[in-house]
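So you can see what is in the structure, the chains are spelled out below.
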Amino acid sequence: MAFQTLRARWVSFLGTVVALVLGVAQVAAMGVLLMTMLDLPDRPAERFARAPAVVLPSDPTWNPAHHDLGIRSLAEAKGVSPELRQKVEATGGTVVDRSFYAQLEGGSKDQVGHPWPVARFGGYALADGKQPSSDKEIVVPSDQARTGDEVTVLTAAGVARYTVSGTVPPVGWEDAVFFSDTEAARLSPRVEALVALGPAGTVREAVGKDAEVLTGKDRHQADASEDQDRETLDNTITLVPVMAGVAGTTAIFVVASTFAFAVIQRRREVALLRAVGATPKQARKMVRNEALLVGVFASAVGTVLGLLGAQLLADMLIAMDISPPWFTVEPSLHWTVLAPLAGAFLVGILVALAGAAAAARRAGNIRPIEALREAAVDDTGMTRGRFWLGAAGLVGGVGWTAWIAVGSPASVLSPNTYVLSLMVPVLAAAVLAPLAVGPLAKLLMAPFSRSSGPTAMLVRESVLTSRRRTAATAAPVLLTVGLAFSLLAATDSLGAARDNGLQNQVRSEYALAPDGTPGISPQVIDRVARIDGVQIAAPILTTIYTHDEDRLEENDGLVVDPAALKRTMDLKVLDGSLDDLDDNSTAVADLWGMDVGSTLKVLMADGQEVELRIAATYKAMRGEDVAYLPPRFAKTAGYARDGLARRAYISLDPGTDRAAATAAIREAVAGTGANFMTRDQLVASESAYARHLIEVRQRSTAVIILLFCFIAILNTLLMATSDRKRDLAVLRMAGATPRQVVRFFVAESVLVAAIGVVLALVATAVNLAGLWGALLQLFGATPIVVPYAVVVVVAVVSTLLAVIGTVLPVGAALRARTVQLVGARE
């Protein structure tokens, strides 16, 4: 009977099949993607492909996956010590490698400098010219300059002119500039690694536990691409489960609503089965079997599509700069492919059965007497179980939103958690929709109460007497508009709040920002500082290490002149004063839990151990808590990072000629990789970078939601309208013209869509109220930014789909004769 029902009512289950196919395909593709990451192919060694062994300082307790990209362990930051270098040298000779920022003017900001002697181990060979024979000669890739050219090179030590003594063919894994050994040592005192020329076993004995000796495929660990790959893979692992969770939740709701509505349409049919002897258990089993058949078919199709679409998903993530460009997914019989496919297949079946569970229970509760009912009026559509489920969802959603606003505002900064929390009020509103149908229908139809003609009255009464059906058809519109509205408004509001927070924090009128470079050289900062009437603060990023029992904790430090910091930045000081900052003190975030006057013992990136007095504490969010350090620690930035300032803040002394000063600044930074701009321009550029990943995550999730919900809207309206042939026949027999019939059904679908939109606005208001409270605590007073144009488009498209889902079956039915329509129902 379940099979025959599917054959007879295939239109009713078409949307369910499509939703399940897409859901399973997405879960399968994402599962294959994630499992592939657990068994990635070994990446070949690049920079040291021809080196017999590489000695790399490392900390065995350091797990790079637990730290942000660019953070080095203390051992890596200090580099190879002179003592270790002597030990390795005694085993058979060494070649020193240094890696540092070195960018040709107009070149890529990812360019890196190395000493020429290490070039041969990466397979480099001169295409023409000769190796650097003086400190003013360099070797560059042949696609960037020619032998004999005079070029400008930007480094952390400043801007200098060099002569190209030779060129090498470009490679795909790095963009390198090669210097003489002595010039590289001047530009970067830190020794990155050693190429050991002696026997590997002897080298290991000499090194002991002071460093790691890499041979074979392990040499790839010394490549810069290792860290870059880890960041992109981490982004993929972060985004994909969120997308899969949202897809699964939305698919379950679509399937559940479809099966529930199918049972509503078949109340008399199921009641007739009950009247001829079917037990409640048999009725429930029939619905479950329908779900099982749909689940098996859709899951099988979805699994195949997921396998074929895994690489398409990977290509999409690569295009969004989330996954590494070399990442590929290939179909195979390996367990990393078969396991997620089998899991997705089972998930599809479970989703179908779970979605039909409530519908099956309702089918078992239908009484045989309902087979004799002729009245078209249904009840409120609110069963006791649905009421309590909706009430629990509403209370939980409002409570959780209030908790975010008051007790855990930082939750909005975590996309993984916050995206899922936004769904709770919207889903609760969808469950409770039958209670709101009556009041909203009366309210929305009130302006048309005095309109001429019977259409408005018929639409109003049709909705009021079919609240169960109306709630079922309004629910997909509610989900579509509510989830899209909440996600997009949250994304834009959070970005605006970050902009506002940065703008309030910066006092200076002007700023310097990198222009096609990763940062600004301290030499350029000094050049601007020497201009009369100009005050500049350029925090240089470094790392400090503190002892936490038996392990080291790392934190960001910003090296900046205290006087300039006070003039250009408006930190929210909670205790102490920035006036007390000197060469032996620091200002730290309140999150660190330290008192003013206490001592902070730290290890700097170059290995020196110092004690700093806490001069002030300031309010900061997680991720923005740094220690402000005196200028004497500027050299440590070359060990911890690249030694560059990420931005600089500029203010002018009172009475300074603004035009002359700004012209002098522009002249001083010309050709240095720094861009002179206003504070507002700095905020805009900073926010564009900070928002990128969050917007990719949340907008990708919004696209998934819209895809599923648009399917649900079209499917539900097709189901609802195709089952109302008798209503259409009655209207025709009462004298309504085909145009009037179409007008009635279109007006009713528009009213249903409007009810869904209103409920979506209410649910979104709950989400945005919590968001506003959280942003108020994090950033101060900030407006909620609503992407009105996008939300209106989503609402209009949802309404159009509802109209299309109504007009198609009505148009088909009007082609039949009225008598045939009546006979089809009788």
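Residues numbered from 1 in each chain as written. Predicted model: local features only at pLDDT ≥ 70, side-chain atom pairs only at ≥ 80, totals over all residues. Heavy atoms only, no water.

1. A few points about the overall build of the chain
Along the backbone of the chain there are 24 helices and 22 strands. In the chain, which comprises 826 residues, the share counted as buried stands at 51%. Summing over all exposed atoms, the chain offers an accessible surface of approximately 36400 Å²; the carbon and sulfur share of this is 58%. (Helix = DSSP H or I, 4+ residues; strand = E, 2+ residues; numbered from the N terminus. Buried < 20%, exposed > 50% of the residue type's maximum accessible area, 1.4 Å probe, protein only. Areas by Shrake-Rupley, 256 points an atom, 1.4 Å probe, with all protein chains shown as cover.)

2. Let's talk about the environment of L478
By the element assignment, L478 lies in helix α15 (residues 467-505). The spacing of L478 and L761 is 283 residues in sequence and 8.5 Å in space, taken between C-alpha atoms. Among all residues touching L478, those that are not within four sequence positions of it are V426, A429, A430, L483, G756, L759 and A760. (Contact = heavy atoms within 4.5 Å.)

3. A word on the nonpolar core
By size, the foremost hydrophobic cluster in this structure holds 59 residues, and its most contacted members are L512, V528, V534, Y628, L629, I650 and I665. The greatest single-element share of this core, amounting to 6 residues, is contributed by strand β19 (residues 609-618). With residues near it in sequence (within four places) discarded, V528 still touches L512, V534, I536, I650, I665, A668 and V669. Formed by 38 residues, the second largest nonpolar core is a distinct cluster that contains V437, A474, F745 and A795. (Core = buried A, V, L, I, M, F, W, Y, C linked by side-chain atoms within 4.5 Å.)

4. Quick word on a nonpolar patch on the surface
Taken together, the side chains of F297, V301, V304, L305 and L308 make up a nonpolar region of the molecular surface, amounting to roughly 460 Å² of accessible area. On the secondary structure map, F297 appears in helix α9 (residues 280-319). (Patch = residues over 30% accessible without salt bridge, like charges linked within 9 Å, V, L, I, M, F, W, Y side chains within 5 Å. Salt bridge = Lys/Arg side-chain N within 4 Å of Asp/Glu carboxyl O.)

5. Topic: the pairing of strand β4 (residues 112-115)
Burial along β4 is two-sided: the residues V112 and H114 and G113 and P115 are all buried. Relative to β4, strand β3 (residues 100-104) runs antiparallel, the two being bridged by 2 bridges. From the neighbouring strand, F100 faces β4, where its bridge partner is G113. Where β4 meets strand β9 (residues 176-179), 4 bridges bridge the pair, whose relative direction is parallel. Note on β9: the bridge partner recorded for P115 is F179. (Pairing = 2+ DSSP bridges.)

6. Some remarks on the packing of helix α13 (residues 433-445) against helix α22 (residues 738-779)
At a minimum axis separation of 10 Å, α13 and α22 run at an interaxial angle of 115°. In terms of orientation, α13 and α22 fall into the roughly perpendicular class. Considering how the two elements wind past one another, α13 and α22 form a crossing that is right-handed. For the pair α13 and α22, contact is made by A433, A436, V437, L440, A441, L444 and M445 and by L751, A754, I755, V758 and L759, respectively. Its residues assigned to classes, the contact of α13 with α22 shows 12 nonpolar, no polar and no charged. (Axes fitted to C-alpha atoms, helices over the stretch in contact; angles between N-to-C directions. Parallel < 35°, antiparallel > 145°, perpendicular 65-115°, else oblique. Left-handed = near helix turned anticlockwise from the far one by under 90°. Nonpolar A, V, L, I, M, F, W, Y, C, P; charged D, E, K, R; others polar.)

7. Quick word on the pattern of salt bridges
For the structure shown, the criterion picks out 9 salt bridges. One salt bridge connects E509 with R658, and the closest N-O pair in it is separated by 2.8 Å. Of this pair, E509 sits in the loop between α15 and β12 (510-514) while R658 is found in helix α19 (residues 658-669), placing the two residues 149 residues apart along the sequence. Its salt-bridge partner being R641, residue D556 comes within 3.3 Å of it at the nearest N-O pair. In this pair, D556 sits in strand β15 (residues 551-559) while R641 sits in the loop between α18 (637-640) and β21 (648-652), placing the two residues 85 residues apart along the sequence.

8. Re the packing of aromatic side chains
Under the criterion given, the structure shown has 8 aromatic pairs. Centre to centre, the rings of Y162 and F179 are 5.4 Å apart; their planes meet at 80°, and the pair counts as edge-to-face. Here the residue Y162 occupies a position in strand β8 (residues 158-168), and F179 occupies one in strand β9, the gap between them amounting to 17 residues. We classify F179 as buried; its relative accessible area is 0%. (Phe/Tyr/Trp six-rings, centres within 6.5 Å; stacked < 30°, edge-to-face > 60°.)

9. Regarding the sheet that holds strand β10 (residues 193-196)
Taken in spatial order, the 4 strands line up as β2-β10-β1-β11 in an open sheet, and their pairing is antiparallel. The open sheet has two free edges, formed respectively by β2 (94-97) and β11 (212-214), since each of these has just one partner strand. Pairs of neighbouring strands in the sheet enclose a mean axial angle of 25°, with direction left out of account. Packed on one face of the sheet, helix α6 (residues 200-207) meets β1 (53-56), β10 and β11 and runs near 165° to β11.

10. What to know about the side chain of E192
Mapping E192 onto the fold places it in the loop between α5 (181-187) and β10. At a separation of 2.7 Å, a polar atom in the side chain of E192 contacts the side chain of R190. With sequence-adjacent residues up to four places away left out, E192 is seen in contact with R47, L56, P57, R72, V80, D97, R98 and S99. (Polar contact = N/O pair within 3.5 Å; in protein donor to acceptor, adjacent residues only side chain to side chain.)

11. Quick look at the sheet that holds strand β22 (residues 674-678)
What the 4 strands build is an open sheet, ordered β13-β21-β12-β22; its pairing is antiparallel. Two strands in the sheet have a free side with no partner beyond their single neighbour: β13 (534-537) and β22. Neighbour-to-neighbour, the strand axes of this sheet turn through a mean angle of 25°, independent of strand direction. Note that β13 and β21 share 4 bridges and pair antiparallel. Considered in β21, the bridge of V534 is made with L652. Together, β12, β13 and β21 form the strand contacts of helix α16 (residues 522-529), whose direction differs from that of β13 by roughly 155°.

12. Thoughts on the packing of helix α14 (residues 455-464) against α22
Relative orientation of the contacting elements α14 and α22 amounts to 50°, with a least axis distance of 9 Å. Put simply, α14 runs oblique to α22. Crossing angle aside, the handedness with which α14 passes α22 is right-handed. For the pair α14 and α22, the contacting residues are T455, L458, V459, S462 and V463 in the first and R743, F744, A747, E748, L751 and I755 in the second. Residues that form the contact of α14 with α22 fall into these classes: 7 nonpolar, 2 polar and 2 charged.

13. A few points about the environment of R507
Counting through the fold element by element, R507 comes out in the loop between α15 and β12. On the basis of relative accessibility, which here comes to 47%, the residue R507 falls in the partly exposed class. Once the C-alpha coordinates of R507 and L565 are considered, the two residues, 58 residues apart in sequence, prove to be 9.8 Å apart. Ignoring sequence-local partners within four residues, the contact set of R507 consists of K566, R567, T568, M569, D570 and R679.

14. As for the confidence of the model for the chain
With 80% of its residues at a pLDDT of 70 or more, the chain has an overall mean of 80. Confidence drops under pLDDT 50 across residues 817-826; counting only partners more than four residues distant or on other chains, this segment forms 13 contacts. (pLDDT = per-residue confidence, 0-100.)

15. Looking at the pairing of strand β18 (residues 599-604)
Here strand β14 (residues 540-548) runs beside β18; their pairing, made up of 2 bridges, is antiparallel. When the sheet's bridge partners are listed, I544 is paired in β18 with M604. When β18 meets β19, the two strands line up antiparallel, connected through 5 bridges. Its bridge partner being in β19, L603 is matched across the sheet by E609. In this antiparallel pair of consecutive strands, β18 and β19, the connection spans 4 residues, and G607 shows a positive phi of 100°.

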